[in-house]
Amino acid sequence: MIRVENLVKKYGNIVALNNLNCRFEEEKITVILGGSGSGKSTLLRQMTGLERPDRGSVYFDGMDLISANKKNLYQKRKKMGMLFQGSALFNYLNIFENIAFPLREHTKIAENVIKTIVTMKLEMVGLRGTENLMPAQLSGGMTKRVGLARAIVMDPKIIFYDEPTSGLDPISTGVIDKLIKDLNTKLNITSVVVSHDIESCFRIADKIIILFYGDIIAEGTVDEIKNSEDLRVKQFINGEPEGPIPFTRTDKDYLDELLME
Amino acid sequence: MSQPPQFTITTATNITTLCLSGRLDTKGVAAVWQRVTIAVGRAKSPTLIINLGEVDYMDMAGAAFISHLKNLDHNGTAKERSQVNGLKSAYTPLLVLAEKTDIKPAITNHLSPHSFVEQTGKNVADFLYDAKTFISFIGELIFAMVSSLKAPKNIRWGETFLMAERAGVDALPIVGLISFIVGLVMAFQAAIPMKMFGAELYVANLIGIATVRELGPLMTAIVLAGRSASAFAAEIGTMKINEEIDALTVMGMDPVKFLILPRVIALTMVTPLLTIFANLVGILGGAVVILSLGYPLVAYYNQVVNFVTWQDFTGGIIKCFVFGVLIAATGCIRGYQTQMGSSAVGQSTTRAVVSSIVLIAVFDGIFSIMYYYMGV
Ligand SMILES: Nc1ncnc2c1ncn2[C@@H]1O[C@H](COP(=O)(O)OP(=O)(O)O)[C@@H](O)[C@H]1O
Ligand SMILES: [Mg+2]
């Protein structure tokens, strides 16, 4: 479904993505794992065409998004849904209008049909009855679910999730995991999940890609990753502070990190 | 309650001994830092022995203090010659940490002072870069405007009228107030010298021409820069840091068409209208003064109407279209350029107001020159 080839993205001196090659299979859940600053969000932004990489291609259904013209890109985007790290709900619209927004903009569906669709989507994420609330009135887990309802309102073929469970309590995390899994199994939606939550990743992933400062250091199924002999992978999935991925960096790294934040 | 730490200094043949006692915490260190530093500096001996046997508590501040003392420059030999005695073993890790983190001038790296020439060059480069983004953005905007004018159905009129209401209708009171006062004050100030020549009535000519050609458009533009450019920058900046703009884009909607075009079109429509209003109210302000000098209103009216030409009026209004585009575009660009972080929106808002006022001033000058050569 998506094929990334030789992708390079730099911000000034920081190489956020270093010549990446990877594939995201149709109707599968692929999880991109990595610590913060490893380039996960950056990769998503290149794959959705939000930013232009310095080099490389992103093939979406065979079409290169990077060299595509605006019209084709927008056409492809209608097949994409995205759940943002901060949910990115429109703060001036209530929940109903937030979810109805893409429908109103892209289709000429009658108002009562819109109502039905929105209610259905809210039902799917378990939030029926919140239609008239404003985003600011919801908890973190709820805004994520509304964001998800909005992401699926146009029935996308692929959904990108940027850290869907970060900052959530274990139960909300479980709810989101189940939703991702359900959307994938019931509606056959291809999913690309960016995460640093190992447990949730093992629960949902068909394939895992581990990113480490712009490089892919491992990829494979859950079992392959669990049984990996690579020390960096082991360290990451066991969450150990000591290991080949250094906690104490050189002074320069430390500085870079400080200045980046 | 707690006593500040005590210290004694003894100097004997090239060896200074500093004994510290008490609590070396943030408060205690702050109390003695300067005095101890001066005393140790004055001793001028190459070897410093710091005796900490009497210290009953030490925290990071204390450790930093000790490390600072050790590194004081005693003829450049301090490091090897200083030594610390009697520190309780519980506190040694603190001192080790303090010494490790000491003297890394690195963090100031990016902020390090540049020479004047370097700084000026950097400022010029930044300015040129900014100007480049600005111009290419305006170009993109004009392109979007023209292509949407070909298909006016695609313009989001609902949003546009909402913006027009917020930027235009809601600004009527403040534009009215400022124009009225400027008209009034100007007439009043002009009336005094004019009266000496018995030419008070010509105040009407002055007010009429100045308001219609310059003050009406300028007052309106500056009010809009303060009200709307800032509002646009804040709205768009907040959406930017909230990833809402990315969300729009991924949903297949063009942020330029969605957020920027309605604002630019709205402001381009309301600026001339507000200016007409400002012109009327400003001239009215002048009328109050003339009336109070005992002239009938009709005299003032005739004076203004006979003196101010349609050309003056149109010249002023045409400027306003340009001001409208500039103000809206500046607000939107600054909002769009918002970086991450919570203070970023505030910065963008400020930059929006400053940049648009600068642009208004520059373009007003350009128009004056143009009109002069065109004989308008
Ligand atoms: N807009 C940007 N400008 C400059 N540097 C950026 C920008 N976005 C990301 N980076 C840098 O790129 C690297 C990867 O960032 P990101 O993709 O956000 O990491 P992650 O999502 O994995 O935490 C980081 O070093 C970050 O500082
Ligand atoms: Mg991220």
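Residues numbered from 1 in each chain as written. Chains lettered and ligands numbered in written order. Predicted model: local features only at pLDDT ≥ 70, side-chain atom pairs only at ≥ 80, totals over all residues. Heavy atoms only, no water.

Draft legend 1. Here's a closer look at the site of ligand 1. Residues and elements named next belong to chain A. Around ligand 1 there are 13 residues in total, and G37, G39, K40, S41 and T42 lie nearest to it. The separation between an oxygen atom of ligand 1 and a polar side-chain atom of S41 is 2.7 Å. In the environment of ligand 1, an oxygen atom lies 2.4 Å from a nitrogen or oxygen atom belonging to the side chain of T42. Examining the composition of the shell around ligand 1, we find that four residues originate from one element, helix α1 (residues 40-47), more than from any other. (Near = heavy atom within 4 Å. Polar contact = N/O pair within 3.5 Å; in protein donor to acceptor, adjacent residues only side chain to side chain. Helix = DSSP H or I, 4+ residues; strand = E, 2+ residues; numbered from the N terminus.)

Draft legend 2. Main features of the environment of N91(A). With respect to the secondary-structure elements, N91(A) resides in the loop between β6 (80-83) and α3 (95-106). Discounting chain neighbours no more than four positions away, the residues touching N91(A) are M134(A), P135(A), N242(B) and E244(B). Here E244(B) takes part through its side chain, which lies 3.3 Å from a polar atom of the side chain of N91(A). (Contact = heavy atoms within 4.5 Å.)

Draft legend 3. How the structure looks around the domain arrangement of chain B. When the domains of chain B are assigned, the result is domain 1 (6-100) and domain 2 (157-374). Distance from the C-alpha centre of domain 1 of chain B to the C-alpha centre of domain 2 of chain B: 65 Å. (Domains from an automatic or database assignment.)

Draft legend 4. Highlighting the pattern of salt bridges. Residue and element names in this part refer to chain A. Taken as a whole, this structure holds 27 salt bridges over all chains when the rule is applied. We note a salt bridge from K40 to E163, for which the minimum N-O separation is 3.5 Å. Here K40, found in helix α1, pairs with E163, found in the loop between β7 (158-162) and α6 (170-187); they are 123 residues apart in sequence, far enough to count as distant. Residues K40 and E163 agree in their burial class; the two are buried. (Salt bridge = Lys/Arg side-chain N within 4 Å of Asp/Glu carboxyl O. Buried < 20%, exposed > 50% of the residue type's maximum accessible area, 1.4 Å probe, protein only.)

Draft legend 5. Local environment of the sheet that holds β7(A). Residue and element names in this part refer to chain A. Read from one edge to the other, the open sheet built from six strands follows the order β6-β7-β8-β3-β9-β10, with strand pairing classed as mixed. Strands with a single pairing partner mark the edges of an open sheet, and in this sheet they are β6 and β10 (215-220). Strand-to-strand twist across the sheet, computed as the mean angle between neighbouring axes with direction ignored, equals 15°. Lying on the sheet, helix α5 (residues 140-151) is in contact with β6 and β7; it crosses β6 at an angle near 175°. (Pairing = 2+ DSSP bridges. Axes fitted to C-alpha atoms, helices over the stretch in contact; angles between N-to-C directions.)

Draft legend 6. Spatial organisation of empty space enclosed by the protein. A complete count under the given rule lists three cavities of 30 Å³ or more for this structure. In this structure, the largest cavity spans a volume of roughly 150 Å³. Contributing to the lining of the largest cavity are 16 residues, with M80(A), G81(A), R150(A), A151(A) and M251(B) lying nearest its centre. Among the elements that make up the lining of the largest cavity, the one with the highest residue count is β6(A) (three residues). Its residues assigned to classes, the lining of the largest cavity comprises eleven nonpolar, two polar and three charged. If you add up the space inside the second largest cavity, you get close to 40 Å³. Forming the walls of the second largest cavity are S179(B), V182(B), G183(B), T211(B), L215(B), G216(B), M219(B), A278(B) and G282(B). Those elements that place two or more of their residues in the lining of the second largest cavity are α7 (172-196), α8 (203-241) and α10 (255-292) of chain B. Per-element tally for the lining of the second largest cavity: the top contributor is α8(B), with four residues. (1 Å grid on protein atoms, 1.4 Å probe; cavity = no way out; pocket = protein on both sides within 12 Å on 5 of 7 lines; lining within 4 Å. Points joined across faces, edges and corners; volume = space filled by probe spheres on them. Nonpolar A, V, L, I, M, F, W, Y, C, P; charged D, E, K, R; others polar.)

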